[in-house]
Amino acid sequence: GQGQQGQGQQGQQQAEEYEEEEHSDGIKLGLGDFIFYSMLVGRAAMYDMMTVFAAYIGIIAGLGLTLLCLAVFRRALPALPFSIALGVLFYFLTRLSLEPFIVNLDAHYVYF
């Protein structure tokens, strides 16, 4: 009785360790990363909906670039640099160049 119970617990522990090893190879993104992403999109939302879409596209493109680098380098990389850099770049490009251009077209009733 006692020996079989000990073997059962040992087998259960090995199964749990195996499951943890399976999940450790996956991609992990910390909750702190999502806070920075949402702050950028929230800041863009204070200005215009077009900047929200631009910031969102920049963040998604940055995440794609990070995943590509993960596949190439095969080691842990921070998730923030590419996403925040592209998100901020798209935000400012949209706010400072694209938005005035679109407003000017709208003011002169020029539509595509």
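See the structure above.
What you see is a predicted model; the values in this text were computed from it and never measured.

Regarding the overall build of the protein chain
Working step 1: Tallying secondary structure elements over the protein chain gives four helices and zero strands in all.
Working step 2: Across the protein chain, helices and strands are ordered from the amino to the carboxyl terminus as α-α-α-α.
Working step 3: Counting across all 112 residues of the protein chain, residues that qualify as buried make up 18%.
Working step 4: Expressed as a percentage of contacts within the protein chain between residues at least 6 apart in sequence, the contacts between residues at least 24 apart total 62%.
Working step 5: Summed over its atoms, the accessible surface of the protein chain is roughly 8,600 Å², and 64% of this surface lies on carbon and sulfur atoms.

Focus: the side chain of Thr 94
Working step 1: Counting through the fold element by element, Thr 94 comes out in helix 4 (residues 80-107).
Working step 2: The class for Thr 94 is buried, based on a relative accessible area of 7%.
Working step 3: For Thr 94, the contacting residues outside a window of four places in its chain are Met 50, Thr 51, Ala 54, Glu 99 and Pro 100.

A word on the nonpolar core
Working step 1: By size, the foremost hydrophobic cluster in this structure holds eight residues: Tyr 37, Leu 40, Ala 44, Val 52, Ala 55, Ile 59, Ala 79 and Tyr 91.
Working step 2: Counting only elements with at least two residues in this core, the list comes to helix 2 (31-45) and helix 3 (49-73).
Working step 3: Ignoring any residue separated from it by four or fewer positions in sequence, one finds Tyr 91 in contact with Arg 43, Ala 44 and Thr 51.

Overview of the packing of aromatic side chains
Working step 1: Taken as a whole and assessed by the stated rule, the structure comprises two aromatic pairs.
Working step 2: Aromatic side chains Phe 34 and Tyr 37 sit 6.1 Å apart centroid to centroid with 90 degrees between the ring planes, which places their arrangement in the edge-to-face category. Residue Phe 34 and its partner Tyr 37 are located together in helix 2, separated by three residues, close to a single helical turn.
Working step 3: The class for Tyr 37 is buried, based on a relative accessible area of 6%.

Quick notes on helix 3
Working step 1: Taking 1.5 Å of rise per residue, 25 residues should cover 36 Å, and helix 3 covers 36 Å from first to last C-alpha, within 8% of that figure.
Working step 2: Looking only at helix 3, the buried set comprises Thr 51, Val 52, Ala 54, Ala 55, Gly 58, Ile 59, Gly 62, Thr 66 and Cys 69.
Working step 3: Taken from the residues just after helix 3, Arg 74 is the one with a positive phi, measuring 55 degrees.

Description of the packing of helix 2 against helix 3
Working step 1: Helix 3 packs onto helix 2 with a crossing angle of 160 degrees between their chain directions and a minimal axis gap of 7 Å. As the angle between them shows, helix 2 and helix 3 are arranged roughly antiparallel. Our pair here, helix 2 against helix 3, has a crossing hand that is right-handed. Seen from helix 2, the contacting residues are Tyr 37, Leu 40, Val 41, Ala 44 and Ala 45; seen from helix 3, they are Thr 51, Val 52, Ala 55, Ile 59 and Leu 63.
Working step 2: Class assignment of the residues belonging to the contact of helix 2 with helix 3 gives a composition of nine nonpolar, one polar and no charged.

Conventions we followed
- Residues numbered from 1 in each chain as written.
- Predicted model: local features only at pLDDT ≥ 70, side-chain atom pairs only at ≥ 80, totals over all residues.
- Heavy atoms only, no water.
- Helix = DSSP H or I, 4+ residues; strand = E, 2+ residues; numbered from the N terminus.
- Buried < 20%, exposed > 50% of the residue type's maximum accessible area, 1.4 Å probe, protein only.
- Contact = heavy atoms within 4.5 Å.
- Areas by Shrake-Rupley, 256 points an atom, 1.4 Å probe, with all protein chains shown as cover.
- Core = buried A, V, L, I, M, F, W, Y, C linked by side-chain atoms within 4.5 Å.
- Phe/Tyr/Trp six-rings, centres within 6.5 Å; stacked < 30°, edge-to-face > 60°.
- Expected span 1.5 Å × (residues − 1).
- Axes fitted to C-alpha atoms, helices over the stretch in contact; angles between N-to-C directions.
- Parallel < 35°, antiparallel > 145°, perpendicular 65-115°, else oblique.
- Left-handed = near helix turned anticlockwise from the far one by under 90°.
- Nonpolar A, V, L, I, M, F, W, Y, C, P; charged D, E, K, R; others polar.

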